[in-house]
Amino acid sequence: MPTRQLDYFTSLVAEDDHFPLTESAIAVAQHAFPDLDVQHTLDEIDALGSKLKKRITPDTSQVQRLQLLKHFFYTELGFGPNANDFYAPENSYLHHVMESRRGIPISLAILMMELGQQIGLKIRGVSFPNHFMMRVSLPQGEIIMDPLNGATYSKDELQAMLDPYLDAKGYRGETALPLSIFLRASSSREILSRFLRNLKLIYTEHERWERLLGIQERLVILLPDSIEEVRDRGLIFAQLEYLRPALKDMQQYISEAPEASDAEEIRNHIATLESQARSH
């Protein structure tokens, strides 16, 4: 394990106050690119911010600032979705997104929020189901914006996007959840956990266990109260035949969540690993 990089990540996400979202998101890529210079990518973003700031005067209204930001980001710099390979892990690595100008909603949103903040805009992330959004606070009110292209959505459009998710989850009729619940601003920790879980999904589907372990280590650090993330790390260790750490994580899970729905399954895993350990 490259403990120096994990220690660095741990220090970044230790506190909810002053949580450096952009730096933390860039640092995620160090599991796959150990030599990545995080500061260099931060400097590149700041250089874009400086260029944008030159177009702002104290008289520039919030609406004008947003229009300038959108034109700069999407038209001049050409940021947008990677339509050819939407699920490539590189779309989540901010240093790569800066080079390719191609990303997914959440990676583009993190860059957009950072640049917006630098010119005095209040843009926050929204963990909308199946599509990360941005919430922009203007004197005229709040707007919901798509990070892929800067489009804004009406409540009716957002409801139409939400309905298939509600149907799939069975949240209809008496148990219907209001749209407003899904439009609240997310904390930096929530945004980064969604960011990591996107990568977790991609690497799980492709069974890239070493890469997945790097992501899972960071989820355990980011969400210290989530025993499920410890369990998942144990399952990845088992795939990689790291028997001792696999056993340790799974035993911790069983001791903290003995009544979990998958407890029996995990106990069976433990028994299998213990017999493997004995035969080694």
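Everything here concerns the structure above.
Quick look at the structure, then. (Residues numbered from 1 in each chain as written. Predicted model: local features only at pLDDT ≥ 70, side-chain atom pairs only at ≥ 80, totals over all residues. Heavy atoms only, no water.)

## Description of the side chain of Asp249
Inclusion rule: Think of it this way: any DSSP run of H or I at least four residues long counts as a helix, any run of E at least two long counts as a strand, and we number them from the N terminus. Partly exposed residues are those whose accessible area sits between 20% and 50% of the maximum for their type, while under 20% is buried and over 50% is exposed, using a 1.4 Å probe and protein chains only. Residue contacts are defined here by distance: any two heavy atoms, one from each residue, within 4.5 Å place the two residues in contact.
Within the secondary structure, Asp249 sits in helix α11 (residues 243-256). Judged by its relative accessible area of 2%, Asp249 is buried. Once you skip the residues sitting within four places of it in the chain, Asp249 turns out to touch Val230, Arg233, Gly234 and Phe237.

## Overview of the nonpolar core
Nonpolar side chains tend to gather and get buried jointly when the protein is soluble and globular. The test is simple: Each nonpolar core is a collection of buried residues, namely Ala, Val, Leu, Ile, Met, Phe, Trp, Tyr and Cys, held together in the definition by side-chain atoms within 4.5 Å.
In terms of nonpolar packing, the biggest core is built from 76 residues, with Val28, Ile110 and Leu192 touching the most fellow members. The leading source of residues in this core is helix α6 (residues 105-118), at eight residues. Leaving out residues up to four positions away in the same chain, Val28 has contacts with Phe9, Tyr93, Leu192, Phe195, Leu196, Leu199, Ile215 and Arg218. If you look at the next biggest cluster of nonpolar residues, it comprises 10 residues, including Phe128, Leu158, Leu166 and Leu179.

## Some remarks on the environment of Met161
Mapped onto the fold, Met161 is located in helix α7 (residues 155-169). Separated by 61 residues in the primary sequence, Met161 and Leu222 place their C-alpha atoms 29 Å from one another. Discounting chain neighbours no more than four positions away, the residues touching Met161 are Phe128, Met133 and Tyr153.

## Re the packing of aromatic side chains
So the rule is basically this: Stacked, tilted and edge-to-face are the three classes assigned to paired rings of Phe, Tyr and Trp, where Trp is represented by its six-membered ring and a pair needs centres within 6.5 Å; plane angles under 30 degrees give stacked, over 60 edge-to-face, the rest tilted.
On inspection of all chains with the given rule, the structure shows five aromatic pairs. Geometrically, the ring pair formed by Phe73 and Phe79 is stacked, given 4.4 Å between the ring centres and 10 degrees between the ring planes. For the pair formed by Phe73 and Phe79, the shared burial category is buried. The interplanar angle of 80 degrees and the centroid separation of 5.9 Å between the aromatic rings of Tyr165 and Phe182 together place this pair among those described as edge-to-face.

## Observations concerning the packing of helix α8 (residues 188-205) against helix α9 (residues 209-222)
So the rule is basically this: Axis geometry follows a simple rule: fit a line to the C-alpha atoms, using only the stretch in contact for helices, then measure angles between N-to-C directions, giving values from 0 to 180 degrees. Each angle is binned into one of four classes, with values under 35 degrees roughly parallel, values over 145 roughly antiparallel, values of 65 to 115 roughly perpendicular, and all other values oblique. Handedness of a crossing follows from how the near helix is turned relative to the far one, being left-handed for an anticlockwise turn of less than a right angle and right-handed for a clockwise one. Polar here means any residue other than Ala, Val, Leu, Ile, Met, Phe, Trp, Tyr, Cys and Pro, which are nonpolar, and Asp, Glu, Lys and Arg, which are charged; Gly is therefore polar.
Running from N to C, α8 and α9 cross one another at 155 degrees; their axes reach a closest spacing of 9 Å. When the axis of α8 is compared with that of α9, the two are roughly antiparallel. Crossing of α8 over α9 shows left-handed handedness. Of the residues in α9, those touching α8 at Arg189, Leu192, Ser193, Leu196, Arg197, Leu199, Lys200, Tyr203 and Thr204 are Arg211, Leu212, Ile215, Gln216, Arg218, Leu219 and Leu222. Among the residues forming the contact of α8 with α9, the class breakdown is eight nonpolar, three polar and five charged.

## Thoughts on the sheet that holds strand β4 (residues 133-138)
To keep it simple, the criterion reads: At least two bridges found by DSSP between two strands is the condition for calling them paired.
One open sheet accounts for four strands, arranged β3-β4-β5-β6; its pairing is antiparallel. On the outer flanks of this sheet lie β3 (122-126) and β6 (152-153), each paired with one strand and no other. By the bridge criterion, two bridges tie strand β5 (residues 141-145) to β6 in an arrangement that is antiparallel. Within β6, the residue paired with Ile144 across the bridge is Tyr153. Helix-sheet contacts for α6 involve β3, β4 and β5, and the interaxial angle to β3 is about 160 degrees.

## Re the environment of Glu90
Within the element layout of this structure, Glu90 appears in the loop between β1 (80-81) and α5 (94-100). Separated by 109 residues in sequence, Glu90 and Leu199 place their C-alpha atoms 9.4 Å apart. With residues up to four places along the chain from it excluded, the contact list for Glu90 reads His96 and Val97.

## Things to note about the packing of helix α10 (residues 227-239) against α11
Running from amino to carboxyl end, α10 crosses α11 at an angle of 150 degrees, the nearest separation of the two axes being 8 Å. Classified by the angle their axes make, α10 and α11 are roughly antiparallel. Helix-helix and strand crossings are classified by hand; for α10 and α11 the assignment is left-handed. Contacts from Ile227, Glu228, Val230, Arg231, Arg233, Gly234, Leu235, Phe237 and Ala238 of α10 reach α11 at Pro245, Ala246, Asp249, Met250, Gln252, Tyr253 and Glu256. Counted by class, the contact of α10 with α11 contains nine nonpolar, two polar and five charged residues.

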